[in-house]
Amino acid sequence: MLSPLDIRDRVEHLKASLPPTTRLIAVSKYAPVAAMRAAYGAGIRDFGESRVQDAAAKRSELADLPDITWHLIGHLQTNKVRQALTLFDWIHTVDRLKLAERINAILAETGQTPPRCLLQVKLRPDPQKYGWERSQLEAALPHLDRLPHLHCHGLMTILPLGLPPTEQLQVFRELRAWGEALSRKGWQRLQWQEYSMGMTQDYPLAVQAGATMVRVGTAIFGSRTLRTSLIETN
């Protein structure tokens, strides 16, 4: 079972392995609030949640830590957009045009500060993952660029399971190269500075390819069993 000291040691090790240009997002979707507090105490300020309802509960319990940045890293249903826009500073998973349009429409209605968004893509076939395929996104980009309240800042991807390390690195490099190519096309609103890629098992390769954000859960909080059985120590 992981103690707060264990979590602190893991965070320090991770931070030492990352360049200053890469933001460490602690994937806390299975972590109890006690574990999140331990990670916060170790300097983590970015937390990634997959479910809107879980984030709402955790935000309430962590309301005394106002400088947390909340990232939505899970699939977002259109009927949860209104609530998600009140909870998250970043939405990494804008994966279809209907969702982008819904985000834009609600922000136009409410006038609230837009979260920063990333477009989730998949560069290899994977029926288990959400995301734009390259041709789909290329066709949609002119329309996305006309949505005044969609603040797009880059791309996000999750690798298919089972890729060998050489192929993992290749996909990450393709994502970064694609974003850089898009940045030279003179969009009115779309921006391409951020690349969210890499998790516990592959984040070093993502960093090598130019990730600006890595999403790490197990390497901070341990396995799902350990996360839910954290013992707090003084």
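The structure contained in this document is the topic of the report that follows. In this text, all values refer to a predicted model and were calculated from it rather than measured experimentally.

### Let's talk about the packing of aromatic side chains
- Overall, the coordinates contain one aromatic pair when judged by the stated rule.
- Look at Phe47 and Trp70: their rings are 6.4 Å apart centre to centre, the planes differ by 40°, and that puts the pair in the tilted class. Here Phe47 is found in strand β2 (residues 46-49), whereas its partner Trp70 is found in strand β3 (residues 69-72), with 23 residues between them in sequence. Note on accessibility: Phe47 and Trp70 belong to one class, buried.
- Arg45 extends its terminal NZ or CZ atom over the ring of Tyr40, reaching a point 3.6 Å from the ring centre.
- When the ring centre of Trp178 is taken as origin, the NZ or CZ atom of Arg134, which lies over that ring, is 4.5 Å away.

### Remarks on helix α2 (residues 33-41)
- Burial runs high along α2: seven of the nine residues are buried.
- Considered for burial, the residues of α2 that qualify are Val33, Ala34, Ala35, Met36, Ala38, Ala39 and Tyr40.
- Against the buried residues of α2 lie α1 (4-17), β2, α3 (52-61), β3 and α9 (218-221).

### Some thoughts on the packing of helix α6 (residues 134-144) against helix α7 (residues 165-183)
- As a packed pair, α6 and α7 sit with axes 13 Å apart at the nearest point and diverge in direction by 20°. Between α6 and α7, the angle is such that the two are roughly parallel. With respect to the hand of their crossing, α6 and α7 are arranged in right-handed fashion. Contact residues: Arg134, Leu137, Glu138 and Leu141 in α6; Glu174, Trp178 and Leu182 in α7.
- Grouping the constituent residues of the contact of α6 with α7 by class yields four nonpolar, no polar and three charged.

Parameters at a glance
Residues numbered from 1 in each chain as written. Predicted model: local features only at pLDDT ≥ 70, side-chain atom pairs only at ≥ 80, totals over all residues. Heavy atoms only, no water. Phe/Tyr/Trp six-rings, centres within 6.5 Å; stacked < 30°, edge-to-face > 60°. Helix = DSSP H or I, 4+ residues; strand = E, 2+ residues; numbered from the N terminus. Buried < 20%, exposed > 50% of the residue type's maximum accessible area, 1.4 Å probe, protein only. Lys NZ or Arg CZ within 6 Å of the ring centre and 35° of its normal. Contact = heavy atoms within 4.5 Å. Axes fitted to C-alpha atoms, helices over the stretch in contact; angles between N-to-C directions. Parallel < 35°, antiparallel > 145°, perpendicular 65-115°, else oblique. Left-handed = near helix turned anticlockwise from the far one by under 90°. Nonpolar A, V, L, I, M, F, W, Y, C, P; charged D, E, K, R; others polar.

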